Structures are given as structure tokens and as C-alpha cells.
Amino acid sequence: MQAITPELIRRFDVSGPRYTSYPTADRFVEAFGMDDYVRALEQRRQGPAAAALARPLSIYVHLPFCESLCYYCACNKIITKHHERAAPYLALLRREVELHVQHMGRGAAVSQLHLGGGTPTFLSNEELAWLMDLLRSHFTFQDGGEYSIEVDPRTVTAERLESLRQLGFNRLSFGVQDFDPDVQKAVHRVQPAEQVFALVASARRIGFDSVNVDLIYGLPKQNPQSFARTLEQVCELRPDRIALYAYAHLPERFKPQRRIIMIDLPLPDAKVSMLASALKTFMQAGYVYIGMDHFALPEDALAIAKRQGRLHRNFQGYSTQPDCDLVGLGVSAIGKVGATYSQNVKTLDEYQYLIDQGRLPVARGLALSRDDILRRSVIMALMCQGEVLFESIELAHLIDFRQYFAAEMEQMREMQQQGLVSISDSSIQVTPLGWFFVRGVAMVFDKYLQADRTRARFSKII
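Owing to the predicted nature of the structure, the values given are computational and were not obtained by experimental measurement.

(A) Up close: the sheet that holds strand 17 (residues 387-389). Read from one edge of the open sheet, 3 strands run 17-19-18, paired in antiparallel fashion. Two strands in the sheet have a free side with no partner beyond their single neighbour: strand 17 and strand 18 (421-423). Strand-to-strand, the axes of this sheet are offset by a mean angle of 15°, without reference to chain direction. On the sheet, helix 13 (residues 370-385) packs against strand 17 and strand 19 (427-430) and is oriented at approximately 135° with respect to strand 17. Against the sheet, helix 14 (residues 390-397) makes contact with strand 17 and strand 19, and its axis sits at roughly 55° relative to strand 17, the strand it touches most.

Structure representation (C-alpha cells):
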């Protein structure tokens, strides 16, 4: 494989989206509101496309509370040690669920659920049981679905994991980030490795289908040597899935990051070294490289989906679930229904006010155009399969690929000269080197990004 040179880093380590959607969430507009979202829900139930759209749903529930602040965090969260604040929030969630059911009908099938935050395990066992009962009373959870919850290792015990399994969760995501004590102190998230090892062992004994570990490279105090030690520990832990994210330092947008000392952050070439080391280490340990930020053991459902060409990408990252509708519940939650995206209001006060008014708390969204849907197909093919087959795009969207994307193909040919893609008469393929910069490859087909070139709102792609 071609070496990752400083020239390549300077050229391609630009700011860009993660493409958990296209168009990206920064393109949502306030002109899209509750009435537009309600129409999308009702069309799903009874419109002309109802039969095609009545596939199983995915549900995301945002639980924003955390006991302590992690300095790197860019999530929408509420820092508090007052656990009694959860009960009023759950009451609001109940009313939001009821409003959804009014417009889309009761009993819709669900094949995927994800509880994120914040820290979902901020809630007590009883509160989580209440929430699951609420969802099950309004939706029909299918056997064999993926039902996952994000877990802060500092907030659970083996007994709590038993309770989560009994509630129907079959996948856990542990936030580890880094095992190095100095890095943990620098980001205000101290959790001994022994604690994580014990919890993962308990999760396996209890019978969870999959255990995921989240890591971040580019954190303060990290260097290639220290991160290599973390990688070795993760391989010893051997989770079913690994999510490896690049830290996005955007202190002008995320206030907690202002507590991070800039001089402690690794330089871009060190970040590339850490990414390269992770790729090599995990693949040598038997993991399948799913895409830009995910690894999985060969027998995991995500790796199987990759082999079979069934990989998808949604607001939670890579997924085995088809391109299904997503209902987002709670503050700041993002949803996708039909050819629309929507996002709830971001503050608890706004959320409560709108729910009290009997309104779905949609703050903004987007109705996708034909061009949006076409470009989404191309970008997701690159991000998920690492390949775009011209004929499949042409048949699905009734275009001539080379003609429609003439300007983009010129840029692709430049990337081919750099060794990032390979172009044939029938396809564009991302090379092994190109996987380091796959976001940059996908950005070529992003009409909005190419039009304004304003990328400071995004993280660096390396």
C-alpha cells in the first residue's frame, strides 16, 4: 500500500462530515417543522407508498443526563447528580410517544432500538423497565432485532447488566475511549481497565449477543506509543465490535472542550500513525475492518453484513439494518421518515414547552430532493461497500452516471492518481489507502459542501 505521506495528510486532512446521513444534519432548516413531520408519519401509515414504507422501524431514544462531564464530549447532555430529574423527563417521553402513535398508528414493527445520551444508565433499573414497557405498549418489537444501550462502565455492575438483559437488550456499547490513566485524567473520565474487563466478562456470561467498545484517537496526552498499549488491551478484551473515532476538537462549538489544553493534543501525523496502528493491530487480531470507524469479529452480524453487501449507515454509524425509517425520541433526537429528516429541539425547556402544547417537538428538518436521494446512494455506497457500481445507480435513478457526475469524475481521476480510488468502466472502488480518507472521497459527491466550501463546522477527517 502506498505510504501515507505528509503531502497526502496536508491535502486530504480537511474538515468534513461523517456522513451518518446525506444531506448532513447541518443542512436541516427551520422551514421544515412539525406539520411536515406529521405529514411524513401519516404518509407512512396510509399514503400511496404505505405498503413499501411499512418496513420495521428503528427507534432512537436520547437520555441526556450524566453525573460528570467528559471534556471531549460533543453530545447533547445535562450534567447533574440529581437522579430525580429523570422521572419528569420520562413523563415527557411518554407523551411524545403517544403523539407519534396518534399520527402513525399503534403497533408498528420495530427491529432496532438504541438508547443513547448522555448516559442511559443514569436511569435506575426501575426507570429503564418503565421506559421499555412504554415502548413495547406502543410498538411491536420483533424477535431477532438489535436492541442496544450505551453503557458508562462507571455506572453499572454485573447485577445491572443482568437487569438490562432481562429487559430485552441484546447489545451493549461500553464507552472506554482510552485505557491510559494520563489520558483519562486529561479528559476527566477515569475508569480502571480492570473494571471494564470485569464488566465485559459478565456481559458474555449473561448472554448478550454483542459487546461493543468505543475508542477515541486524538485525545490529549495520547501518542502512538500509549495508544498502542490501549490497542493491545482491547485485543485482549476482544469485544465483538470496536468503534474507533477521531476526536473532533471544536471548542468554539462545544464548551466542555475548552477545558482541554491545546498543546496536549497530538499532531495530525501522530493521529494518522494511531489510525494506521489500529487498523494493523485489529486486523492482525482477526477483526474485519467494516469501514472508517468500525471493526467486528468475523462471526459478528456486522461483519457478516459487510461480506454479504448488506451493510448500511445511519445516525448511529454502521448498521446491519436496512435503510428503514427512524423515529427519534427525546431532546435533540434525529429521525428519518420517508424522504425526510427531522430533529427535535435541543433544550429541555423547549422540549417540555412543546410537549405541553401537544406538539411534536420538531425544531428543524429537511425534505429530500431527487438529487439528494441520488447523491445519498452514491455516498453511502462509498462509505459502506467502498464501491459504486455505475449500472446499479443508473438503473435505480434513471441517469447516465458519467454525464450526471462529470465534474465529480474529474475529481475522482485526481484521487485515482493519488492512489485513493480505482476507476474502471463499471465502477469506482476505494483502495486500501483510500479507506484512511474515505470521508474525503465521499465529500466529492456532496453538492452542498462543494458549493460553499465552508467546512469549519466539521471535524478533520483524520
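(B) Broad picture of helix 9 (residues 224-237). Look at helix 9: 20 Å from first C-alpha to last across 14 residues, which is about the 20 Å you get at 1.5 Å a residue. Looking at the packing, one finds that the buried side of helix 9 touches helix 8 (193-206), strand 7 (210-217), strand 8 (241-246) and helix 10 (268-284). If you check the start of helix 9, you find a side-chain oxygen 2.9 Å away from the backbone N of glutamine 225, and it comes from asparagine 223. One or two residues past the end of helix 9 sits arginine 238, with phi positive at roughly 55°.

(C) Highlighting the pairing of strand 1 (residues 57-63). With 7 of 7 residues buried, strand 1 lies mostly within the body of the structure. Alternating positions in strand 1 separate into two faces, Leu57, Ile59, Val61 and Leu63 on one and Ser58, Tyr60 and His62 on the other, with burial throughout. Sheet topology places strand 1 next to strand 4 (residues 108-117); 7 bridges connect them, and they run parallel. Bridge assignment links histidine 62 to a residue of strand 4, and that residue is glycine 116. Pairing analysis gives 4 bridges linking strand 1 to strand 13 (residues 326-329), with the strands arranged parallel.

(D) How the structure looks around the environment of aspartate 356. One can find aspartate 356 in helix 12 (residues 348-356). As a C-alpha pair, aspartate 356 and glutamate 96 span 260 residues in sequence and 9.8 Å in three-dimensional space. When near neighbours in sequence (up to four residues on either side) are disregarded, aspartate 356 contacts Leu92 and Arg95.

(E) Broad picture of the pattern of salt bridges. The tally for this structure, following the rule as stated, stands at 20 salt bridges. For lysine 221, the salt bridge identified is with aspartate 264, shortest N-O distance 3.7 Å. Here aspartate 264 lies in the loop between strand 8 and helix 10 and lysine 221 lies in the loop between strand 7 and helix 9, a separation of 43 residues in the sequence. For lysine 221, a relative accessible area of 44% gives the class partly exposed. Members of the salt-bridge network, linked through shared partners, are Glu146, Arg171, Arg241 and Asp300.

(F) Geometry of the packing of helix 4 (residues 86-104) against helix 12. For the pair helix 4 and helix 12, the least separation of the axes is 10 Å and the interaxial angle reads 50°. Taken as axis vectors, helix 4 and helix 12 run oblique relative to one another. Helix 4 and helix 12 meet at a crossing whose hand is left-handed. Two secondary-structure elements touch here, helix 4 through Tyr89, Leu92, Leu93, Arg95, Glu96 and Leu99 and helix 12 through Leu348, Tyr351, Gln352, Ile355 and Asp356. For the contact of helix 4 with helix 12, the class distribution of residues is 7 nonpolar, 1 polar and 3 charged.

(G) Inspection of the side chain of serine 173 at higher detail. Tracing the chain through its elements places serine 173 in strand 6 (residues 171-177). Judged by relative accessible area, serine 173 falls into the buried class, the value being 11%. In this structure the side chain of serine 173 is engaged in a polar contact, spanning 3.1 Å, whose partner is the side chain of asparagine 212. When sequence neighbours within four positions are dropped, the list of residues in contact with serine 173 reads Ile149, Glu150, Val151, Asn212 and Asp214.

(H) The arrangement of the packing of aromatic side chains in detail. Under the defined criterion, the tally for this structure stands at 17 aromatic pairs. Pairwise contacts between aromatic rings join Phe282, Tyr287, Tyr289, Phe295 and Trp435 into one cluster. Lying over the aromatic face of phenylalanine 141, arginine 136 brings its terminal NZ or CZ to 5.5 Å of the ring centre. One residue, lysine 447, lies across the ring of tyrosine 448, its end atom 5.2 Å from the ring centre.

What counts and how
Residues numbered from 1 in each chain as written. Predicted model: local features only at pLDDT ≥ 70, side-chain atom pairs only at ≥ 80, totals over all residues. Heavy atoms only, no water. Pairing = 2+ DSSP bridges. Helix = DSSP H or I, 4+ residues; strand = E, 2+ residues; numbered from the N terminus. Axes fitted to C-alpha atoms, helices over the stretch in contact; angles between N-to-C directions. Contact = heavy atoms within 4.5 Å. Expected span 1.5 Å × (residues − 1). Polar contact = N/O pair within 3.5 Å; in protein donor to acceptor, adjacent residues only side chain to side chain. Buried < 20%, exposed > 50% of the residue type's maximum accessible area, 1.4 Å probe, protein only. Salt bridge = Lys/Arg side-chain N within 4 Å of Asp/Glu carboxyl O. Parallel < 35°, antiparallel > 145°, perpendicular 65-115°, else oblique. Left-handed = near helix turned anticlockwise from the far one by under 90°. Nonpolar A, V, L, I, M, F, W, Y, C, P; charged D, E, K, R; others polar. Phe/Tyr/Trp six-rings, centres within 6.5 Å; stacked < 30°, edge-to-face > 60°. Lys NZ or Arg CZ within 6 Å of the ring centre and 35° of its normal.

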